[in-house]
Amino acid sequence: CLVLWTGEEGVRLYAQGLGETRSARNLLRQAQLWAKPSTRLAVVMRMYRMRFQETLDPELNLRQIRGKEGIRVRETYAAASRETGVAWQGRSYRREGWAAADPINRALSAANSCLYGVCHAAILSAGYSPALGFIHTGKMLSFVYDVADLYKADITIPAAFRATAEGTEA
């Protein structure tokens with residue numbers, strides 16, 4: 001019997017009671033790849049290629065790769081702004097200031113929250129650790145953020161900008 005502990009609107013998964021927990025194979029593989037700096041960086045580079053179809057200089061370190069990723073993501077926001085006509089002033093999210101955010105930032109936060117929930121559920125059901133991230137570190141959902149980032153440019157960013165364009169008057 002599968003049991004899930006979910007949050008409001010079912011978009012957050014806090015725990016689960018069954019899944020690929022009969023074997024630690026996937027978790028052990030994740031930990032092995034994470035623990036060795038060279039294999040960890042190889043995973044980061046592979047994730048980058050999945051997102052941007054670009055081969056990186058093998059001499060780059062994690063900080064440099066994060067910088068390149070940040071530039072590419074900012075370009076994605078700007079392109080979505082141009083395509084939809086939605087004004088873009090930059091990414092701004094503060095949990096305590098939800099109402100103060102502009103419509104596009106609220107749409108992005110809502111879309112990303114849903115994506116995080118889906119990724120979290122998939123990660124747990126496959127027997128991986130949501131906390132053991134390769135790009136993101138130090139959070140209980142670091143690997144969730146890593147996996148979700150693979151899809152944001154194709155799913156949540158365009159959807160949030162389209163929804164904002166359809167839902168606001170110019």
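In the block above lies the structure referred to throughout.
Quick caveat: nothing in here was measured; it's all calculated off a predicted structure.

## Examining the nonpolar core
Phase 1 of the analysis: Membership of the largest hydrophobic core comes to 23 residues, with the highest contact counts inside it found for Val44, Met47, Leu56, Ile65, Cys119, Phe134 and Val144.
Phase 2 of the analysis: Elements represented by at least two residues in this core include exactly helix 2 (37-52), helix 3 (62-84), helix 4 (103-125) and helix 5 (142-152).
Phase 3 of the analysis: Among the elements that take part in this core, helix 2 stands out by supplying six residues, more than any other.
Phase 4 of the analysis: Apart from the residues within four sequence positions on either side, Val144 is in contact with Tyr116, Cys119, His120, Ile123 and Pro130.
Phase 5 of the analysis: One finds Tyr77, Ala80, Ile157 and Phe161 within the second-largest nonpolar core, a separate group that totals nine residues.

## Let's talk about helix 2
Phase 1 of the analysis: Between its first and last C-alpha, helix 2 extends 22 Å over 16 residues, near the 22 Å set by a 1.5 Å rise per residue.
Phase 2 of the analysis: Looking at helix 2, one finds that the buried residues are Arg40, Val43, Val44, Met45, Met47, Tyr48, Arg51 and Phe52.
Phase 3 of the analysis: Contacts from the buried residues of helix 2 go to helix 1 (25-35), helix 3 and helix 5.
Phase 4 of the analysis: Two residues or fewer after helix 2 comes Gln53, characterised by a positive phi angle close to 50°.

Cut-offs applied
Residues numbered from 1 in each chain as written. Predicted model: local features only at pLDDT ≥ 70, side-chain atom pairs only at ≥ 80, totals over all residues. Heavy atoms only, no water. Core = buried A, V, L, I, M, F, W, Y, C linked by side-chain atoms within 4.5 Å. Buried < 20%, exposed > 50% of the residue type's maximum accessible area, 1.4 Å probe, protein only. Helix = DSSP H or I, 4+ residues; strand = E, 2+ residues; numbered from the N terminus. Contact = heavy atoms within 4.5 Å. Expected span 1.5 Å × (residues − 1).

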